[in-house]
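Examining the three-dimensional arrangement
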Amino acid sequence: MSKQLLAAITALAAFAQPTLPGTPFRPWGDAGYNTINAVEFSPDGQSMFVALETARVAKVEGRAPAPNAPEIALYESRREGDRWSRPQLLPFAGTYKDYEAALSPDGSWMLFNSWRPTPDGHSSEKNNLWLTRRTSSGWSAPVYLAAINTPGKEESYAAI
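First things first, this report covers the structure right here in the doc.

Calculation rules
Residues numbered from 1 in each chain as written. Predicted model: local features only at pLDDT ≥ 70, side-chain atom pairs only at ≥ 80, totals over all residues. Heavy atoms only, no water. Helix = DSSP H or I, 4+ residues; strand = E, 2+ residues; numbered from the N terminus. Buried < 20%, exposed > 50% of the residue type's maximum accessible area, 1.4 Å probe, protein only. Contact = heavy atoms within 4.5 Å. Areas by Shrake-Rupley, 256 points an atom, 1.4 Å probe, with all protein chains shown as cover. Patch = residues over 30% accessible without salt bridge, like charges linked within 9 Å, V, L, I, M, F, W, Y side chains within 5 Å. Salt bridge = Lys/Arg side-chain N within 4 Å of Asp/Glu carboxyl O. Phe/Tyr/Trp six-rings, centres within 6.5 Å; stacked < 30°, edge-to-face > 60°. Lys NZ or Arg CZ within 6 Å of the ring centre and 35° of its normal. Pairing = 2+ DSSP bridges.

When its secondary structure is counted, the chain shows two helices and ten strands. The 160 residues of the chain split such that 36% are buried. Of the contacts formed within the chain by residues at least 6 apart in sequence, a portion of 45% connects residues at least 24 apart. Of the roughly 10,200 Å² of accessible surface on the chain, a fraction of 55% belongs to carbon and sulfur atoms.

What follows covers a nonpolar patch on the surface. Together, Phe25, Val39 and Phe41 make up an exposed nonpolar region whose accessible area comes to about 260 Å². Position of Phe41 among the secondary structure elements: in strand β1 (residues 35-41).

As a further point, take the packing of aromatic side chains. Applying the stated rule across the entire model yields six aromatic pairs. A centroid spacing of 6.0 Å and a plane angle of 65 degrees characterise the contact between Phe25 and Phe41, whose relative ring orientation is edge-to-face. Taken as a pair, Phe25 in the loop between α1 (3-15) and β1 and Phe41 in strand β1 lie far apart in primary sequence, 16 residues in all. On the basis of relative accessible area, Phe25 is assigned to the partly exposed category, the value being 49%. Residue classification places Phe41 among the partly exposed positions, given a relative accessible area of 37%. Ring plane angle 65 degrees and centroid distance 5.2 Å describe the contact between Trp28 and Tyr33, whose orientation is recorded as edge-to-face. In terms of burial, Trp28 and Tyr33 fall into one category: buried. Put simply, the rings of Phe25, Phe41 and Trp84 touch in pairs and so form one group of aromatic residues. Stacked on the ring of Trp115, the Lys or Arg Lys97 has its end atom at 4.0 Å from the ring centre. Arg116 extends its terminal NZ or CZ atom over the ring of Trp130, reaching a point 5.7 Å from the ring centre.

Pairing of β1 with strand β2 (residues 47-53), which is carried by five bridges, proceeds in the antiparallel orientation. Paired with Thr35 across the bridge in β2 is Leu52. Hairpin remark: β1 followed by β2, antiparallel, with five residues in the connecting loop; positive phi at Gly45, about 75 degrees.

The structure is reproduced here in structure tokens:
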């Protein structure tokens, strides 16, 4: 290494600001929920959509997990002042492995990964992308995205 390069690195290091660790985002404090992969926020920042381990949610809530519950499912938590509400299972979730929600910019629809059976009844042990819409009465039944999903292949990590 040249003396000039060494001097430049030393000068940069001397002027560099130390990196301070940030405060971890812990929306439920020490409650014990375990998030999976991604957190998605509504456009107004008042709702958070997250995949959680269903057995862990049951444990935190002091109940036994349902025997047929999927490993993970999608939940919503709402901002209540400077705190977040206890996560609530989304109405279309809890039967199949659902996760990695991606909300539209206006919050009116959501894409997510799921291991749900395809509309033709084939079970899936691979991710497919599904869409649900927010209606005046809540979230719609999820729709399989046939134009995006490839039979026998995995589709994942939707981004909007």
